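Listed below are the residues making up each chain.
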Amino acid sequence: MHTKLRQCECCDYFTLEGHDNELCSVCFWTQSTIRFAEFDEPSRLNFELTLRDGRCNFLRYGACASELASTMLNFANRLRYQQIARRTPMSLTIT
Ligand SMILES: [Zn+2]
């Protein structure tokens, strides 16, 4: 298991080495300047999705966008990464 990796803003898995515009290998969210607290900022690098959208999509489809669901990492491969789930604001509900 990797221990020095950074946490993805979308799926909360530790998948990132810290490069600019890095793609998360679990949820496929491209890291941008948008941080965890900025749930409703549209992300130019992520099909204009917000983190709220991406996190909901990850829970629902296993990827940050429904279009990417077919390429999702299977569960066994996810276990290579650590995840510390962060609680999202109360208003974050799956719609
Ligand atoms: Zn991710």
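Because the structure is a prediction, the values reported are computed rather than measured.

**Considering the nonpolar core**
Counting residues in each nonpolar core, the largest one holds 15 residues, and the members touching the most others are Cys 8, Cys 10, Cys 11, Cys 24, Cys 27 and Trp 29. Beyond its immediate stretch of four places on either side in the chain, Cys 10 contacts Cys 24, Cys 27, Trp 29, Leu 51, Gly 54, Arg 55, Phe 58 and Cys 64.

**Considering the environment of Thr 15**
Inspection of the secondary structure puts Thr 15 in strand S2 (residues 14-16). Each C-alpha atom, one on Thr 15 and one on Arg 80, is 9.2 Å from the other, the two residues being 65 residues apart in sequence. Those residues in contact with Thr 15 that sit more than four places away from it in its chain are Leu 5, Cys 8, Cys 24, Ser 25, Val 26 and Tyr 81.

**Brief notes about the environment of Ala 37**
Within the fold, Ala 37 resides in the loop between S2 and helix H1 (51-61). Judged by local crowding, Ala 37 falls into the exposed class, with 9 C-beta atoms found within 10 Å. Sequence spacing of Ala 37 and Arg 52 is 15 residues, and the spatial spacing of their C-alpha atoms is 9.8 Å.

The rules behind each value
- Residues numbered from 1 in each chain as written.
- Predicted model: local features only at pLDDT ≥ 70, side-chain atom pairs only at ≥ 80, totals over all residues.
- Core = buried A, V, L, I, M, F, W, Y, C linked by C-beta atoms within 7 Å.
- Buried ≥ 20, exposed ≤ 12 C-beta atoms within 10 Å, placed from the backbone.
- Contact = placed C-beta atoms within 7 Å.
- Helix = DSSP H or I, 4+ residues; strand = E, 2+ residues; numbered from the N terminus.

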